[in-house]
Amino acid sequence: MSRLDGTFARLRAEQRTGLVAYVTAGDPDLPRSAEVIRAVDRGGADVIELGVPFSDPLADGPVIQRATERALAAGTTLARVLDLAASLRADVAAPLVLFTYANPMVRMGIPAFARRAREAGIDGVLVLDLPPEEAGEARASFVAEGLDTIFLLSPTTSVERIRRAAELGGGFLYGISRLGVTGARADVADSAESLAARVRAETTRPLALGFGFSRPEHVRAVGRWADAAVVGSALVQVVAEHAGNPDLGGEVERYVRWLRS
Amino acid sequence: MTTPEIVPTHNFGTRDPDARGYFGAFGGRFVPETLVSAVEALTEAYLEARRDPAFRAELTRLLTHYVGRPTPLWEAARLGAASGGARVFLKREDLTHTGAHKINNALGQALLAQRMGARRLIAETGAGQHGVASATAAALLGLECVVYMGTEDMARQALNVFRMRLLGAEVRGVDSGSATLKDAINEAMRDWVASVADSYYLLGSALGPHPYPLMVREFQSVIGQEARAQILAQAGRLPDAVVASVGGGSNAMGIFDAFVDDASVRLIGVEAGGEAITIGRHAARFAGGAEGVFQGTRTWLLQDDDGNVTATHSVSAGLDYAAVGPEHAWLQSTGRAEYAWADDRAALAAFESLARLEGIVPALESAHAVAHVAALGRELGPEGIIVVNLSGRGDKDVQSVANLTGGRA
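Scope of this entry: the structure provided in the associated data block. Note that the structure is predicted; figures quoted are calculated from it, not measured.

A few words now on the packing of helix α2 (residues 53–67) of chain B against helix α4 (residues 102–115) of chain B. Residue and element names in this part refer to chain B. For the pair α2 and α4, interaxial distance at closest approach is 10 Å and the crossing angle is 140°. With respect to each other, α2 and α4 are oriented oblique. Read as a crossing pair, α2 and α4 show a hand that is right-handed. Contacts between α2 and α4 involve Phe55, Glu58, Leu59, Leu62, Leu63, Tyr66 and Val67 from the first element and Ile103, Asn104, Leu107, Gly108, Leu111, Leu112 and Arg115 from the second. Looking at the contact of α2 with α4 residue by residue, the class counts come to 10 nonpolar, 2 polar and 2 charged.

Following this line, the structure appears as structure tokens:
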């Protein structure tokens, strides 16, 4: 059983809604990013997603685009994100999922990337522009290294493809609760509930819903239909607002704790 | 000499990629999950449309009576004389309605969008020619049109920005990244991810996820179909070489397509050499790039050691792009096509010389292909025959060239 499997089994046993927290790795720079990740863990996130900054984040909204630009300007690369994860692994309780676009991984070489990710203590990998149809080679390398392959599902995903993602994927399924790019919204979209219902009808695999969530009431609402809620852009915005604050870690920890209240 | 009557025809369905959209190792569908169903539906709709005689007849009608096809194949005798005496023929895509080959694809896809029930077109543009073509097709068919354009490109192609607005399109400036074509494509895809239910993404080059590279090439295949018939009629034999500029690569694929099976015909793509072949100063993917995955497709792109896409430069906005269409990557890997580059200086010189020698002001993009002709003509000698795709006219570039030369013509 992978660490992610253990986390979701525990959440179900405790009948608790999980919190998956996304941060852009290397934002605002690598040392402060380490502080942020430790704070997210202390704040009680059940899974931490580390976004790998990429020059052309075409599925991301403005908040994560800006974070990506800050991280790249500070010299963050995929190799350094892996080093960062390795340096934190012993102190961070939550499973770590790398959230990346395909090209940095392809450039490193997929087998080499998978090996280095496993050595760094990464638990799962989600590649944003690698749908199941294109993921064969990557998935084989991930499986060989004991990494879970996380697939995305969207309101536009067909039933057949939900089944395929559930069958080929590991850890959990990441449901995109609304059409569009990443970014916080005021409300939970109606499409979140209908997507969750469609996924639940096909598979018992754990489901995390994301895109648009920023408040504890969003997390609670998601808990009615799914195993966990993902909070990304809103958390990245907290990092952006407090990047120059000596108590950056404290601010992040308080925000994550509040999300779980 | 009498020229047989040529009607605009397409090469549909004879050179398809595999079912997953791969040309050899290149192509595919590397898109975010939300767009998978959209590109699947688009593929299905396109494959059905291209088989439908009514769809094809309507496209031919528009190309004939609205676009003004067939375009002439002009023997540029003075350019030939200045190019080692070879016979040089220009395929005059600059004479189409809106002034570039882009209209061939824009009308084809806009008809498809209408057939699929979309009410809104999304397009990206670099030099502005595809944006103008999309805005034109939208006006003709009564569709809404939003065009994304890098703010850097808006500054250097101001005339085309005005033309698009005049045609009723909304032009949205993109200032992320390098504020050029790749950033406009990112923003168009972000729009499409949110608006996929009622919007059609009208991609302008032979790039992106399957079926775009196939579909755009086939809508542009009319160029090669005409050119091949015309050169046989006018010169009595196939050319020794076909030359075209390559940004994403749609004008080149459009003219290469008809000659791919003619083994004696060299296919030569000319990329933008910019200021120098060093990182950030050019857009010659085969000279300074490597294989990777970018904007939906596996292909050659300019990137750093960490897999981030690097900045590009070209005097020509339409060639200023980090990746090349996947079918070009495949043709390069098999050796069927060869790729050269022309730098900014050579392109500007060709821009001026074509004006002086032939009375034709080419687009700066097309000027890169013209720039390659002198050396090729000397190599082939007086027996040689070269067909050049003159993909667009240069009116849009006159102001920026005047700025670069300090107003000296």
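Anyway, onward from the coordinates.
The subject of this paragraph is the interface of chain A and chain B. Every contact between the two is made by 36 residues of chain A and, on the other side, 36 residues of chain B. Summing the contributions of chain A and of chain B, the shared interface buries around 2800 Å²; its carbon and sulfur component is 50%. Considering only the surface of chain A that becomes buried against chain B, Leu58, Arg107 and Glu134 of chain A emerge as the three largest contributors, covering 25% of it. At the boundary of chain A with chain B, the tally comes to 5 salt bridges. Note that Glu134 of chain A is salt-bridged to Arg20 of chain B, the shortest N-O span being 3.3 Å. Taken together, the connections running from chain A to chain B amount to 20 residue pairs in polar contact (both at pLDDT 80 or more). Only α3 (62–73), α5 (102–108) and β6 (152–153) of chain A provide two or more residues apiece to the side of chain A that touches chain B. Examining the composition of the side of chain A that touches chain B, we find that 5 residues originate from one element, α5 of chain A, more than from any other. Each residue belonging to the side of chain A that touches chain B can be placed in one class, and the counts come to 18 nonpolar, 8 polar and 10 charged.

Attention now goes to the sheet that holds strand β9 (residues 228–231) of chain A. Residue and element names in this part refer to chain A. Read across the sheet, 9 strands follow the order β5-β4-β3-β2-β1-β9-β8-β7-β6 without closing on themselves; strand pairing throughout is parallel. On the outer flanks of this sheet lie β5 (148–149) and β6, each paired with one strand and no other. Across 2 bridges, β6 lies against strand β7 (residues 173–176) in parallel orientation. Bridge pairing in β7 links Leu152 to Tyr174.

On to the side chain of Glu218 of chain B, then. All names here are of chain B. As for its placement among the helices and strands, Glu218 is situated in helix α9 (residues 212–235). Taking the relative accessible area as the measure of exposure, Glu218 reaches 0% and is therefore buried. Of note is the side chain of Glu218, whose polar atom sits 3.0 Å from the side chain of Arg50. With residues up to four places along the chain from it excluded, the contact list for Glu218 reads His10, Asn11, Phe12, Gly13, Thr14, Asp16, Tyr46 and Arg50.

Residues and elements named next belong to chain B. The strand order β7-β6-β5-β8 describes an open sheet built from 4 strands, whose pairing is parallel. The open sheet terminates on both sides in strands that have one partner only, identified here as β7 (170–174) and β8 (199–201). The mean angle between the axes of side-by-side strands here comes to 25°, regardless of whether they run parallel or antiparallel. Relative to the sheet, helix α5 (residues 129–141) contacts β5 (120–125) and β6 (144–150), its axis offset from that of β5 by approximately 165°. Lying over the sheet, helix α8 (residues 181–195) contacts β5, β6, β7 and β8, oriented at roughly 160° with respect to β5.

Analysis parameters
- Residues numbered from 1 in each chain as written.
- Chains lettered and ligands numbered in written order.
- Predicted model: local features only at pLDDT ≥ 70, side-chain atom pairs only at ≥ 80, totals over all residues.
- Heavy atoms only, no water.
- Axes fitted to C-alpha atoms, helices over the stretch in contact; angles between N-to-C directions.
- Helix = DSSP H or I, 4+ residues; strand = E, 2+ residues; numbered from the N terminus.
- Parallel < 35°, antiparallel > 145°, perpendicular 65-115°, else oblique.
- Left-handed = near helix turned anticlockwise from the far one by under 90°.
- Contact = heavy atoms within 4.5 Å.
- Nonpolar A, V, L, I, M, F, W, Y, C, P; charged D, E, K, R; others polar.
- Buried area = accessible area lost by both parts, 1.4 Å probe.
- Salt bridge = Lys/Arg side-chain N within 4 Å of Asp/Glu carboxyl O.
- Polar contact = N/O pair within 3.5 Å; in protein donor to acceptor, adjacent residues only side chain to side chain.
- Pairing = 2+ DSSP bridges.
- Buried < 20%, exposed > 50% of the residue type's maximum accessible area, 1.4 Å probe, protein only.

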